[in-house]
Amino acid sequence: MTKHKTTNSKCFIFFILLIENFTNIKIYLLFNLEEKFMNFTWEGVMPAVTTKFDENDELDLSMFEVNIKAQIESGVHGIVLGGSLGEASTLTQEEKNTLVAETVKIIEGKIPVIMTIAEQATSVAIQAAREAKENGANGLMILPPMRYKSTDYETVNYFKTIAESTSLPIMIYNNPVDYKIEVTVDMFEELMKLQNIKAVKESTRDIVNIGRLRNRFGNDLKILTGVDPLALESLLTGADGWVAGLVCAFPSETVVIYELAKAGRVKEATEIYRWFLPLLELDISPQLVQNIKLAEVATGIGTETVRPPRLPLLGKERQRVLKVIEDGIKSRPNLSNYKDLISE
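Because the structure is a prediction, the values reported are computed rather than measured.

Calculation rules
- Residues numbered from 1 in each chain as written.
- Predicted model: local features only at pLDDT ≥ 70, side-chain atom pairs only at ≥ 80, totals over all residues.
- Heavy atoms only, no water.
- 1 Å grid on protein atoms, 1.4 Å probe; cavity = no way out; pocket = protein on both sides within 12 Å on 5 of 7 lines; lining within 4 Å.
- Points joined across faces, edges and corners; volume = space filled by probe spheres on them.
- Helix = DSSP H or I, 4+ residues; strand = E, 2+ residues; numbered from the N terminus.
- Nonpolar A, V, L, I, M, F, W, Y, C, P; charged D, E, K, R; others polar.
- Core = buried A, V, L, I, M, F, W, Y, C linked by side-chain atoms within 4.5 Å.
- Buried < 20%, exposed > 50% of the residue type's maximum accessible area, 1.4 Å probe, protein only.
- Contact = heavy atoms within 4.5 Å.
- Salt bridge = Lys/Arg side-chain N within 4 Å of Asp/Glu carboxyl O.
- Phe/Tyr/Trp six-rings, centres within 6.5 Å; stacked < 30°, edge-to-face > 60°.
- Lys NZ or Arg CZ within 6 Å of the ring centre and 35° of its normal.
- Arc of directions from axis to C-beta.

Asker: Looking at this model, I keep getting lost on the layout of surface pockets. Mind explaining?
Answerer: Empty pockets left among the atoms are what a rolling probe the size of a water molecule brings to light. For the largest pocket, the calculated volume is near 720 Å³. Lining the largest pocket are 35 residues, and of these Ser84, Leu85, Asp178, Tyr179 and Leu288 lie nearest its centre. If you list the elements that add at least two residues to the lining of the largest pocket, you get helix H6 (176-179), strand S8 (241-244) and helix H12 (288-298). When grouped by side-chain class, the residues that make up the lining of the largest pocket number 17 nonpolar, 10 polar and 8 charged.

Asker: Would you mind going over the nonpolar core with me for this structure?
Answerer: Nonpolar side chains in soluble globular proteins generally cluster together in the buried interior. Residues Leu140, Phe188, Leu246 and Leu279 are the most contacted members of the largest nonpolar core, which totals 89 residues. With 7 residues, helix H11 (residues 266-280) is the single largest residue contributor to this core. In contact with Leu279, other than residues within four places in its own chain, are Leu246, Phe250, Val324, Ile325 and Gly328. Residues Phe40, Val80, Ala199 and Val243 belong to the second largest nonpolar core, which totals 14 residues.

Asker: Can you walk me through the pattern of salt bridges in this structure?
Answerer: Oppositely charged side chains are able to pair whenever their charged atoms sit close together. All chains considered together, the criterion is met by 21 salt bridges. For Lys52, the salt bridge is made with Glu296, and the minimal N-O distance between the two is 3.5 Å. Taken together, the residues span a long stretch of sequence, with Lys52 in the loop between strand S1 (44-47) and helix H2 (61-73) and Glu296 in helix H12 at a distance of 244 residues. For the pair Lys52 and Glu296, a shared accessibility class is recorded, and that class is buried.

Asker: Got a minute to help me understand the side chain of Asn196 in this structure?
Answerer: Of note, Asn196 is situated in the loop between helix H7 (185-191) and strand S6 (197-202). On the basis of relative accessible area, Asn196 is assigned to the buried category, the value being 13%. The residues contacting Asn196, other than those within four sequence positions of it, are Ala163, Thr166, Ser167, Leu168, Pro169 and Ile170.

Asker: Mind showing me how you'd approach the packing of aromatic side chains here?
Answerer: Any aromatic ring pair is given by two values, namely how distant the centres are and how the planes are angled relative to each other. Applying the stated criterion to the full structure yields 6 aromatic pairs. When the centroid spacing of 4.7 Å and the interplanar angle of 45° are considered together, the rings of Phe40 and Trp42 count as tilted. Trp42 sits in the buried class, given a relative accessible area of 1%. Taken together through their ring pairs, the aromatic side chains of Phe250, Trp275 and Phe276 make up a single cluster. When the ring centre of Tyr173 is taken as reference, the NZ or CZ atom of Lys201 above it lies at 4.0 Å.

Asker: Explanation requested: helix H8 (residues 208-217) in the structure shown.
Answerer: Because the α-helix completes a turn every 3.6 residues, residues three or four places apart line up on one side. Among all positions of H8, only Asn209, Ile210, Leu213, Arg214 and Phe217 are buried. The buried residues of H8 all sit within an arc of 135° when viewed along its axis, so they share a single face. In H8, the exposed positions that point more than 90 degrees away from the buried face belong to Val208 and Asn215. Tucked inside the fold, the buried residues of H8 contact strand S5 (170-174), H7, S6, strand S7 (222-225) and helix H9 (231-237). Within two residues after H8, Gly218 carries a phi angle of roughly 60°, on the positive side.

Geometric descriptors of this kind do not, in isolation, establish any biological role.
This is how it looks when you write it as C-alpha cells:
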C-alpha cells in the first residue's frame, strides 16, 4: 500500500512538473511572438476581415480559417479583426477573444494580428485592449468613442488613456464620414507624445490629409488608407499601406496593386485598379458587409451569412451587387506575371 502511494505521489509530481514546463514553454513562445511584433512596421495590405457565422448564428471558425489562409497565401502584411466589416457591434467580448486566439493560431507568427477597439466607455475599451493582448493580439486599431460625439479634448483624452494602459502599438482610426468625429492634425500632435501611437487609418476621404500628416510628422506616423476606391491615389500620394475591404474576396489583386504602386510600376497598378474600381465601390455603402460577403461567396472564400439586425440583400439591390461581382469575375485580370509579388 505504501509502495502504491509513493508511486502515485511521484506520478503526480511528474504530472505537475510537466504542466509547469508546458506552461513555461507556452509563455516563452507568446513572449517571443510579442517581442517579434512589438515594433512591427505599419505598412502593406492589412485586410479588415469579415466575421463568419453559421446557420445557428455561431462563429464559423472553419470558413474563417479558409479566408485567413487565403489572405496569408496572397502575401498580405497583417490582419485586422473586429472592425465595422467584422460586424464588431454584434460580437460579444468572448467571441472577439476567440477570433483573436484563432487568428493567432492560424497565422503561426507570420504576420501581426490587429484587434479593433470600438467602445462607448473608456474603462470598457481598456479592458478590451487588455483581453486582446492576453489572447495574442500584436496591435490595436482604436476608434473614437462610440455613440457619443466627443469634443476634441475628450477624444484625445480617450485615445491617450487607452494607449497608456497597454504596451501594444496602436493605429488610430480616423473616419469622420461614418463616425462624425475627426482626429485633426493638431490632435495627432498631442497623441504622438505617446510612444505606442504609431499609425493612422486615414479614412477622411480627403487625399490632401495624407500630405498634411506627412508634412507635420514625416515618417514618424505611418499612414494607411482605409477607403478602397481611393486606395491607389492614396498610395501614390504617400500612404504606407492599405487597410482594405474587398481584399476579403480578392486578396491577390489587392496585394499586387499595392506592390506595383510601391515599386513605381504605376501603369500596371492602374490597369488592375481600374478593373477593380467597380468592386471597390461596394466598400463605401451602409451595406458593405453584405456586399463584401457576397463577393467572398463568388470567389469561394466566404459565406453570405450575416448577424441580425443585418440581413442578406434583397431585390434590385441584390441583383445590382451581384452584377458588379459577376462582371468583375468575368474580366478578372491574369496575375501570372506577378506571382513573385503574391507569394507567402
